[in-house]
Amino acid sequence: MAYFVLTYGYHDTPLRAERRPDHMSHLAQLEEAGSVVLAGPLADLTGGIIVFSAEDLEAAQALVDQDPYTRLDVTKDRTLQEWKITVGPFAG
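Keep in mind that what you see is a predicted model, and the values were worked out from it rather than measured. (Residues numbered from 1 in each chain as written. Predicted model: local features only at pLDDT ≥ 70, side-chain atom pairs only at ≥ 80, totals over all residues. Heavy atoms only, no water.)

(A) Summary view of the nonpolar core. Membership of the largest hydrophobic core comes to 17 residues, with the highest contact counts inside it found for F4, L6, V36, I50, F52 and L80. For this core, the secondary structure elements donating two or more residues are strand 1 (2-10), helix 2 (20-32), strand 3 (47-54) and helix 3 (57-66). Counting five residues, the second largest nonpolar core, distinct from the first, contains Y3, V5, V51 and I85. (Core = buried A, V, L, I, M, F, W, Y, C linked by side-chain atoms within 4.5 Å. Buried < 20%, exposed > 50% of the residue type's maximum accessible area, 1.4 Å probe, protein only. Helix = DSSP H or I, 4+ residues; strand = E, 2+ residues; numbered from the N terminus.)

(B) Expanded view of the layout of surface pockets. Counted as a void, the largest pocket has a volume near 270 Å³. Lining the largest pocket are 16 residues, and of these H23, M24, L27, G40 and P41 lie nearest its centre. Sorting the residues of the lining of the largest pocket by element identifies strand 1, helix 2 and strand 2 (36-41) as the ones contributing at least two each. Grouping the amino acids of the lining of the largest pocket by side-chain chemistry returns eleven nonpolar, two polar and three charged. (1 Å grid on protein atoms, 1.4 Å probe; cavity = no way out; pocket = protein on both sides within 12 Å on 5 of 7 lines; lining within 4 Å. Points joined across faces, edges and corners; volume = space filled by probe spheres on them. Nonpolar A, V, L, I, M, F, W, Y, C, P; charged D, E, K, R; others polar.)

(C) Spatial organisation of unusual backbone geometry. The phi dihedral of D73 falls on the positive side, at around 60°, and the residue is not glycine. Note that D73 resides in the loop between helix 4 (68-71) and strand 4 (75-83).

(D) Structural detail: the sheet that holds strand 2. Spatial ordering of the open sheet is given by 2-3-1-4, a layout of four strands whose pairing is antiparallel. Edge positions in the sheet fall to strand 2 and strand 4, since each has one partner strand and no second. Shown here is a sheet whose adjacent strand axes are inclined to one another by a mean of 15°, direction ignored. As paired strands, strand 1 and strand 3 are joined by eight bridges and run antiparallel to one another. Bridge pairing links Y3 to S53 in strand 3. (Pairing = 2+ DSSP bridges. Axes fitted to C-alpha atoms, helices over the stretch in contact; angles between N-to-C directions.)

(E) Seen up close, the pattern of salt bridges. With the rule as written, the count across this model stands at two salt bridges. Close ionic contact of D22 with R19 constitutes a salt bridge, the shortest N to O distance being 3.7 Å. Judged by its relative accessible area of 37%, D22 falls in the partly exposed class. On the basis of relative accessible area, R19 is assigned to the partly exposed category, the value being 35%. When the shortest N-O distance is used, the salt bridge between E82 and K84 registers 3.1 Å. Classification of E82 as partly exposed rests on a relative accessible area of 43%. (Salt bridge = Lys/Arg side-chain N within 4 Å of Asp/Glu carboxyl O.)

Below is the structure:
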């Protein structure tokens, strides 16, 4: 298993608030399945970060693509990269 970090900003759209429950439900399901390690908005609320656990970049991208925020184009400037953790409980 590998870790992947998704960073993103938000488009100025009312869909963000309208679809937040769907987005949060999606993330909760992925967390329960072991695919989301951490997730949350930046403190200034300009964007967010999600850390995924997945087999490879394609699998992580598929998780991103399933998110209601991605499908509705609520987020922008999405960057997904593999993260090599060297310190902490997920290091390996």
